[in-house]
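Inside the fold
These are the residues of each chain, in order.
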Amino acid sequence: MTVSLGQAPDLGTASNFALFTATGALSNVGSSTVVGDLGTNDGLYSGFNTATITGQSHVGDPTSASAAADVVTAYNSLVATPCTVVLATPELGGQTLTSGVYCQNTALPSTLTGTLTLSGPGLFIIKLSSALVTATNSSIVLTNGASAANVFFQILGAATLGTGSTFKGTIVAEGAIVLNTTTLEGRALSTVGAIAVNESSITNVGAPLLADLIPITYTLPTTQYGTTDFTVVVDVFDLLTTPTNALITVYVTKDPLAVMAFNSNAVFIGGKSVQNNIWTLNNSNDNFYIFTTNEVIAGNGHKSFGLTGVLTPGNTQGSLTVSTTIMGGSGGEGNISNNTDADKIDYFKK
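Residues numbered from 1 in each chain as written. Predicted model: local features only at pLDDT ≥ 70, side-chain atom pairs only at ≥ 80, totals over all residues. Heavy atoms only, no water.

Quick notes on helix H1 (residues 62–80)
It helps to recall that an α-helix has 3.6 residues per turn; residues three or four apart then point in one direction. A rise of 1.5 Å per residue sets the reference length of H1, with its 19 residues, at 27 Å; its end C-alpha atoms lie 27 Å apart and thus fit the reference within 8%. One side-chain oxygen of the residue at the start of H1 lies 3.2 Å from the amide nitrogen of Thr63, identifying that residue as Asp61. (Helix = DSSP H or I, 4+ residues; strand = E, 2+ residues; numbered from the N terminus. Expected span 1.5 Å × (residues − 1). Polar contact = N/O pair within 3.5 Å; in protein donor to acceptor, adjacent residues only side chain to side chain.)

Following this line, the structure appears as C-alpha cells:
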C-alpha cells in the first residue's frame, strides 16, 4: 500500500549530529564507533574516551544551542504532520511498509521484534505516541530503493534499542534513548532525556533524498498573424529517482491579449499527451492560472496538463510569453533553483 506523504522535517544544524540531546546526559560505555557529531546542550558528557569518533563533540556551546532549538523544531514538525495510516498493532515487527506517514495511537509501548521492512523510494515517517523498545537481534531492512536518509521516527517517550539490533533511520524522541550493542544507521536525537550508548555503532546519514521538479513549457504555433488559436502544454518532470510526496502547485501567467481555457477531460493537446483529469484549476487570480495536483510523480517521471487559447493582437505586434513556475517545495522537492520555464509566440497584425 502506498500512501501520501508529509514533508521531511528540517533538522537544521542537528542534521550533522549522530547523537544529540537538547537536555540530558550523553554517556558511553566501551568501544563504540560514532560517525558524525555528538553532544548535549545541557547535561553531562562522559565515557567517549573509549569510543572511536569521526566528528566533533559539542557540549554547552553555540553549536549545541543551535542544534537544541532545531531538534525541538523538527520534533514539533513531525508531531504536526498529518497521519495517513494508523498502525493496527503496536508491534512493528513482521510488517512491510511503503512510503507514507504512519501513526501508532495507543498508550501501549511500541515494540519491534524480528524484522520491519521498509520498501521502495520516498519518505517514511513513523509517529509513535509512546515508548519504543526493540528486541534482541531485531532489525529494520530497507528494500527496493528505500534509504535510511528518508526514514524518521517521532517518539513520544523513550527509545530503547535492544542487544544486537539493527536500526535504520533518524530517531527524534521526547525522552531518553538507549543504544545497547546496537547498529544505528541514522541519528539518535532527543528534545529532553539522557542518551546512553553501550558498545554500539552509529553512522549519521545524509540529507533526505527529495524530488527535484522542473517545468517544461510548449506553445504552438510559434508565429501567428491576427486572431489565432494556440495551445500551451506544461510538462512537470521529476529529475531524480525519488517520487513526489506532497501537493504540486504550478502557476501559469495570464496576458490581456490571450484568453485560455482548460478542459479537464482533455487527453491530447498541441500534439502532446496530457493528464488534465488529475489537475485542478484555480482561475480566481488576476495574474496567474493556478494548477494543483496530489498525484504522485514517480522518480524520473512526469505529469502534464494543457490549455487551449485565442490570441487577439489587434493592430499590434510583439511576443506572447507564457511563463510557468512550480511553487517552491511542491511535491516535497528540495531544489527550487530550476522551477521556472517559458515559451513564446511571436504575433503580427494581419
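Thoughts on the packing of aromatic side chains
Taken as a whole and assessed by the stated rule, the structure comprises eight aromatic pairs. Arranged with centres 4.8 Å apart and planes meeting at 55°, the rings of Phe17 and Phe20 form a pair that is tilted. By the burial criterion, Phe17 is buried, and Phe20 matches it. Relative to Phe348, the ring of Tyr225 lies with its centre 5.3 Å away and its plane at 25°, an arrangement referred to as stacked. One end of the pair, Tyr225, is in strand E24 (residues 223–225); the other, Phe348, is in strand E34 (residues 340–348), and 123 residues separate them in sequence. A residue is classified by how much of its surface remains accessible, and Tyr225, at 51% relative accessible area, is exposed. Here Phe348 falls in the partly exposed class, since its relative accessible area comes to 28%. For Lys254, the ring lying beneath its charged end belongs to Tyr289, and the centroid distance is 4.9 Å. The side chain of Lys272 reaches across the aromatic face of Tyr218, ending 4.0 Å from its centre. (Phe/Tyr/Trp six-rings, centres within 6.5 Å; stacked < 30°, edge-to-face > 60°. Buried < 20%, exposed > 50% of the residue type's maximum accessible area, 1.4 Å probe, protein only. Lys NZ or Arg CZ within 6 Å of the ring centre and 35° of its normal.)

Remarks on the pairing of strand E20 (residues 183–190)
Regular strands place side chains that alternate from one sheet face to the opposite one. Counting buried positions along E20 yields six of eight residues, so the element is predominantly enclosed. Examined bridge by bridge, strand E1 (residues 17–21) and E20 share three bridges and lie parallel to one another. From the neighbouring strand, Phe20 faces E20, where its bridge partner is Leu189. Looking at chain direction, strand E18 (residues 166–173) and E20 are connected through eight bridges and run parallel. Its bridge partner being in E20, Phe167 is matched across the sheet by Leu184. Pairing geometry for E20 and strand E22 (residues 201–203), over three bridges, is parallel. By the bridge assignment, Glu185 is partnered in E22 with Thr203. (Pairing = 2+ DSSP bridges.)

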